[in-house]
Number of protein chains: 2
Amino acid sequence: MNLFYAKPEHIHRPLLQLEGGEADHALKVLRYRKGDEIHVTDGEGIHYTAQITETGKGHLIAEITEERSAAEHKPKVIILIGLIRKRDRLEYAVEKCVELGADRILLFRGDHSEKQNVRMDRIEATVLSAMKQSLRLTLPDCQLYQNLSDALKASGKGKLIMADETADDQQQKITESPSNEAFRLIVGPEGGFSRQERDLLDQAGAAAYSLGLNRLRTETAAAVMVDRFTRTQR
Amino acid sequence: MNLFYAKPEHIHRPLLQLEGGEADHALKVLRYRKGDEIHVTDGEGIHYTAQITETGKGHLIAEITEERSAAEHKPKVIILIGLIRKRDRLEYAVEKCVELGADRILLFRGDHSEKQNVRMDRIEATVLSAMKQSLRLTLPDCQLYQNLSDALKASGKGKLIMADETADDQQQKITESPSNEAFRLIVGPEGGFSRQERDLLDQAGAAAYSLGLNRLRTETAAAVMVDRFTRTQR
């Protein structure tokens, strides 16, 4: 099944509209035609089945025949990821977090991040593509922050849990106490956290969480954290 | 910490030897010198601390000062992965399986695999690099098989568990019944399994296992499967 994305403002019941790249992909690559059935999400939890009624250059209009809502998982899973040097690994981290169900992704420039610039347009395209690929109905928000402190402030409320190689494995029980509070997961860049960042995390009450015996790359740690914390709650 | 690899036949207590790329990496890239301490694994579960006594073109000799064994996790986790089209995603799948603790990786040409050829030298380099990066002390074996049937035969004994989108979430309890039998995990290629492959898996008694609500890419499913099944056992 192919899932398309239409912004909420392009849903005008009983019609919906695909624009730009989404319309082109449907018409030029997948060769959808008038009368065909398509599946569309608004990225806010709704899945529309619709029948194409009109096509044109860069746009497609379809009539909604069915709509259903996704069951949301609670608590929310928010992940903060320190920038990593290699672009493909950063994009991979974001892609996996979306596939595995993260609700929000906050990238931050860590004190030990070697990379300082990120093409957020590419990251946004990765998020959108991963949402569609994984048939998720919610589009996670993904933003870049100047530093850990800003990302922490922007992350809102909820239990703070930090991936930490040195943590005791017994901490695993954190995932086993479901509540409706969000989980805010934190994964540092390759170089780990600076002393200042550690102090900041301590002050914020972050709990250290072990991911196992092996030293994991940032993108691996991010994927596994999201999987573990979304999974226990579904 | 940097971890190096020496084949077991290059360990001659009290000396050990690094060869080729390993020696070059130590000497040319990381600029280790005579007298420096290095960390080496034989890929069979032993970690050596050693002091460099001799260096030369493409080789390095060191005297072992300490040796310790890794705690092995039981049961073993073996993963069978259908070939996926994109090389980077296949290498990523292998890398993540190694990082997360898979004991053996069996790649197979699925009936729906678009890709038929794999540069196994690159895959082996990925395995070695991921072992060192993650500070694992065991080098997982990774081989390519002509088809699922051959891979199944080569995988030996143990509980067969197949990632399956359509499986009931309740199957999750599979991970909660530890025994000393190996887990043989199976992840299909992008196109899924053919009817014949499904029959083969049924006959072999493979249990269907759900990875959650979202449709996961092969490399994501592989990583998450390995994490879940190694984790419960450590």
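Bear in mind that the values here come from a model prediction, so they are computed numbers and not experimental data.

Let's shift gears to the overall build of chain A. Counting secondary structure elements, chain A contains six helices and twelve strands. Relative to the compact-globule value of 17 Å for 234 residues, chain A shows a C-alpha radius of gyration of 20 Å, a close match. Taking the principal axes of the C-alpha coordinates as reference, chain A spans close to 60 × 35 × 30 Å. Counting every position in chain A, which comprises 234 residues, the buried fraction comes to 54%. Counting only contacts in chain A whose residues sit at least 6 apart along the sequence, the fraction spanning at least 24 positions is 73%. Put simply, chain A shows about 10800 Å² of open surface, and 45% of that area lies on carbon and sulfur atoms.

Attention now goes to the relation of the copies chain A and chain B. Superposing chain A onto chain B requires a rotation of 180° together with a translation of 0.0 Å along the rotation axis, leaving an RMSD of 0.0 Å. Such a combination of turn and shift is consistent with a two-fold rotation axis. For chain A, the minimum C-alpha distance to the rotation axis belongs to Val224(A) and amounts to 3.4 Å. Both copies present the same face, since 100% of the interface residues in chain A are matched by interface residues at the equivalent positions in chain B.

This part takes up the interface of chain A and chain B. Chain A puts 29 residues into the contact, and the matching count from chain B is 29 residues. Summing the contributions of chain A and of chain B, the shared interface buries around 2800 Å²; its carbon and sulfur component is 39%. Looking only at chain A, the three residues that lose the most surface to chain B are Tyr92(A), Arg215(A) and Arg231(A), adding up to 25% of its buried area. Counting the contacts that link chain A with chain B gives eight salt bridges. Here Glu219(B) ties to Lys96(A) by a salt bridge, and the two come within 2.9 Å at their closest N and O atoms. In this assembly, chain A and chain B are joined by 20 residue pairs in polar contact (both at pLDDT 80 or more). Of all elements in the fold, only helix H2 (87-99), helix H3 (120-133) and helix H6 (218-231) of chain A reach the threshold of two or more residues within the side of chain A that touches chain B. Here the side of chain A that touches chain B is composed, by residue class, of nine nonpolar, seven polar and 13 charged.

Glancing now at the packing of aromatic side chains. Tallied over the full model, the rule gives seven aromatic pairs over all chains. A centroid spacing of 2.8 Å and a plane angle of 25° characterise the contact between Tyr92(A) and Tyr92(B), whose relative ring orientation is stacked. Separated into two different chains, Tyr92(A) in helix H2 and Tyr92(B) in helix H2 (residues 87-99) make up a pair that spans both. Judged by centre distance (5.2 Å) and plane angle (65°), the ring pair of Tyr209(B) and Phe229(B) falls under edge-to-face. In this pair, Tyr209(B) is assigned in strand S12 (residues 207-209) and Phe229(B) in helix H6 (residues 218-231), connecting sequence segments 20 residues apart. Each member of the pair, Tyr209(B) as well as Phe229(B), is classed as buried. Among the aromatic residues, ring-to-ring pairing joins Phe183(A), Tyr209(A) and Phe229(A) into one connected group. In this structure, Lys96(A) packs its charged tip against the face of Tyr92(A), placed 4.4 Å from the ring centre.

A few words on the domain arrangement of chain A. All names here are of chain A. When cut into domains, chain A gives domain 1 (3-69) and domain 2 (77-231). Placing a centre on the C-alpha atoms of domain 1 and another on those of domain 2 gives a separation of 32 Å. Taken together, the contact between domain 1 and domain 2 spans twelve residues of the former and eight residues of the latter. When domain 1 packs against domain 2, the two sides together hide about 750 Å² of surface, and 69% of this comes from carbon and sulfur. Broken down residue by residue, the surface that domain 1 buries against domain 2 is led by Leu3, Tyr5 and Gly43, which jointly contribute 58%. At the junction of domain 1 and domain 2, the tally comes to one salt bridge. A salt bridge links Glu22 to Lys132, with the nearest nitrogen and oxygen atoms 2.4 Å apart. In this structure, the connection of domain 1 to domain 2 is made through five residue pairs in polar contact (both at pLDDT 80 or more). For the side of domain 1 that touches domain 2, the secondary-structure elements that each account for two or more residues are strand S1 (3-5) and strand S5 (46-56).

Further remarks concern the packing of H2(A) against H3(A). All names here are of chain A. Taken N-terminus to C-terminus, the directions of H2 and H3 make an angle of 35°; their axes are 9 Å apart at the nearest point. The chirality of how H2 crosses H3 is right-handed. On H3, the residues that touch Arg87, Leu90, Glu91, Val94, Glu95 and Val98 of H2 are Arg122, Ile123, Thr126, Val127, Ala130 and Met131. Across the contact of H2 with H3, the residue classes tally to seven nonpolar, one polar and four charged.

Time to look at the state of the cysteines. Residue and element names in this part refer to chain A. In this structure the tally under the stated criterion is zero disulfides over all chains. For the unlinked cysteine Cys142, the closest cysteine sulfur is that of Cys97, found at 8.9 Å. For Cys142, a relative accessible area of 6% puts it in the buried group.

What follows covers the environment of Leu201(B). Residues and elements named next belong to chain B. Mapping Leu201 onto the fold places it in helix H5 (residues 195-203). For Leu201, a relative accessible area of 1% corresponds to the buried category. Residue contacts for Leu201: discarding those within four places in its chain leaves Leu148, Leu152, Met162, Ile186, Phe193 and Ala206.

Turning next to the sheet that holds strand S12 (residues 207-209) of chain A. Residues and elements named next belong to chain A. Across the sheet, six strands lie side by side as S9-S8-S7-S11-S10-S12; this open sheet has parallel pairing. Edge positions in the sheet fall to strand S9 (141-145) and S12, since each has one partner strand and no second. Adjacent strand axes in the sheet meet at a mean angle of 25° when their direction is disregarded. In terms of strand pairing, strand S10 (residues 159-163) meets S12 through three bridges, oriented parallel. From the neighbouring strand, Met162 faces S12, where its bridge partner is Ala208. Across the sheet, H3 is in contact with strand S8 (104-108) and S9; its angle to S9 comes to roughly 155°.

Rules used throughout
Along every chain, residues carry numbers that run from 1 in the direction the sequence is written. Ligands are numbered from 1 and chains lettered from A, in the order in which they are written. Given that the model is predicted, a residue must reach a pLDDT of at least 70 before its local features are reported, and side-chain atom pairs must reach 80 or more before they are shown or counted; all residues, however, enter totals for whole chains, interfaces and linings. No hydrogens and no water enter the side-chain calculation; it runs on all heavy atoms of the structure. Labels follow the DSSP assignment, with helices taken as runs of H or I lasting at least four residues and strands as runs of E lasting at least two, numbered in each case from the N terminus. Only C-alpha atoms enter the radius of gyration; for comparison, a globular chain is expected to reach 2.2 Å times N to the power 0.38, where N is the number of residues. Burial status follows relative accessibility: with a 1.4 Å probe on protein chains alone, a residue under 20% of its type maximum counts as buried, one over 50% as exposed, and anything between as partly exposed. Residues count as neighbours in contact if any of their non-hydrogen atoms are within 4.5 Å of one another. Residue burial considers only the protein chains on display, and all accessible areas are found by Shrake-Rupley using a 1.4 Å probe. The superposition of copies rests on a least-squares fit of C-alpha positions from residues with pLDDT of 70 or more in both. Computed with a 1.4 Å rolling probe, the buried area is the accessible surface lost when two parts are put together, summed over both parts. The rule for a salt bridge is simple: a side-chain nitrogen of Lys or Arg has to be within 4 Å of a carboxyl oxygen of Asp or Glu. Whenever a nitrogen or oxygen atom comes within 3.5 Å of another N or O atom, the pair is scored as a polar contact, on the condition that within protein one atom can donate a hydrogen and the other can accept it, and that pairs from neighbouring residues in sequence are kept only if both atoms are in side chains. We call Asp, Glu, Lys and Arg charged. Ala, Val, Leu, Ile, Met, Phe, Trp, Tyr, Cys and Pro are nonpolar, and the rest, Gly among them, are polar. Each Phe, Tyr or Trp ring (for Trp, its six-membered ring) is paired with any other whose centre lies within 6.5 Å, and the angle between the two planes then decides the class: stacked below 30 degrees, edge-to-face above 60, tilted in between. Consider the ring centre and the ring normal. A charge sits over the ring if Lys NZ or Arg CZ is within 6 Å of that centre and within 35 degrees of that normal. For the domains described, the bounds stem from an automatic or database domain assignment. Between N-to-C directions, angles span 0 to 180 degrees; the directions come from axes that are lines fitted to C-alpha atoms, helices contributing only their stretch in contact. Helix crossings get a hand from a simple test, with the near helix turned counterclockwise from the far one by less than a right angle marking a left-handed crossing and a clockwise turn marking a right-handed one. A pair of cysteine sulfur atoms is labelled a disulfide when the two atoms are within 2.5 Å. DSSP calls a pair of strands paired once it identifies at least 2 bridges connecting them.

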